[in-house]
Amino acid sequence: MTLKPPFKHLAVIMDGNRRWAKARGLFSVEGHRQGVKALRLLVKDCLDLGIPYLTAYAFSSENWKRTAKELNFLFDLLNEAARDELNSLQQMGVRVKFIGDLSVFQDSPLFNSLINLEKATEANHRLFFNIALNYGSIAELTRAVNLINLSLDDEGVKKLSPEDFNNYLYTKDSPDPDYIIRTGGKQRLSNYLLWQAVYAKLIVTGK
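Residues numbered from 1 in each chain as written. Predicted model: local features only at pLDDT ≥ 70, side-chain atom pairs only at ≥ 80, totals over all residues. Heavy atoms only, no water.

A. The arrangement of the pairing of strand β2 (residues 53-60) in detail. Most of β2 is tucked away: seven of the eight residues are buried. When strand β1 (residues 9-13) meets β2, the two strands line up parallel, connected through five bridges. Following the sheet pairing, Ala 11 is matched in β2 by Thr 55. (Buried < 20%, exposed > 50% of the residue type's maximum accessible area, 1.4 Å probe, protein only. Helix = DSSP H or I, 4+ residues; strand = E, 2+ residues; numbered from the N terminus. Pairing = 2+ DSSP bridges.)

Right, here's the structure in full:
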């Protein structure tokens, strides 16, 4: 299956960075650096192809099982990218939004970098770029149900439509993805955009 632009929303699962590095005799962290480079190119490709929405699975809520050393490197790399890419994203007209539970980062320098990147790009509109960070779709759906229970009475819940439900998701400002690309060869969604991906076409690349 190949992409057939124009369409509205491309989502990606960035998997296989560590396997890429291992196959080349490199440390796993070099695979993550390569992942940042690949994502930078993907942003430019979306702009060139006129794709207005991009969502990238950068860090799953299940990724906390990795070693402390790798986690620290990942967060340092993300912090560095959030600062270094800001000017370029501004110039290209990219709006960045982080989706997921960011509260775990509140006491770290990373949190300030993330919030600053969001605020600095919030007026841009050429490409809406969602970055899923500490994200899991089951947690997102649970959060949505809790928000609904807090904001609606019983009658309101009964009248809730699928379109209304979308308004309680992290991706409420984005259309559902048309395509989901997963790198690394594994053929599964891995707790990613389970509600939103119901009609998406899945493309798996690499091994």
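B. Looking closely at the side chain of Ser 113. In this structure, Ser 113 sits in helix α5 (residues 109-121). Overall, Ser 113 belongs to the buried group, its relative accessible area being 11%. At 2.4 Å, the side chain of Ser 113 forms a polar contact with the side chain of Asn 79. When near neighbours in sequence (up to four residues on either side) are disregarded, Ser 113 contacts Asn 79, Ala 82 and Arg 83. (Polar contact = N/O pair within 3.5 Å; in protein donor to acceptor, adjacent residues only side chain to side chain. Contact = heavy atoms within 4.5 Å.)

C. Looking closely at the sheet that holds strand β5 (residues 179-183). On the basis of which strands lie adjacent, the open sheet formed by six strands has the order β3-β4-β2-β1-β5-β6 and parallel pairing. What marks the edges here is a single partner per strand, and that holds for β3 (94-99) and β6 (201-205). Strand-to-strand twist of the sheet, defined as the mean angle between neighbouring strand axes without regard to direction, takes the value 20°. Both β1 and β5 contribute to a ladder of four bridges, which runs parallel. Bridge pairing links Ile 13 to Arg 182 in β5. Where α5 meets the sheet, its contacts fall on β3 and β4 (127-135), and the angle it forms with β3 comes to roughly 140°. (Axes fitted to C-alpha atoms, helices over the stretch in contact; angles between N-to-C directions.)

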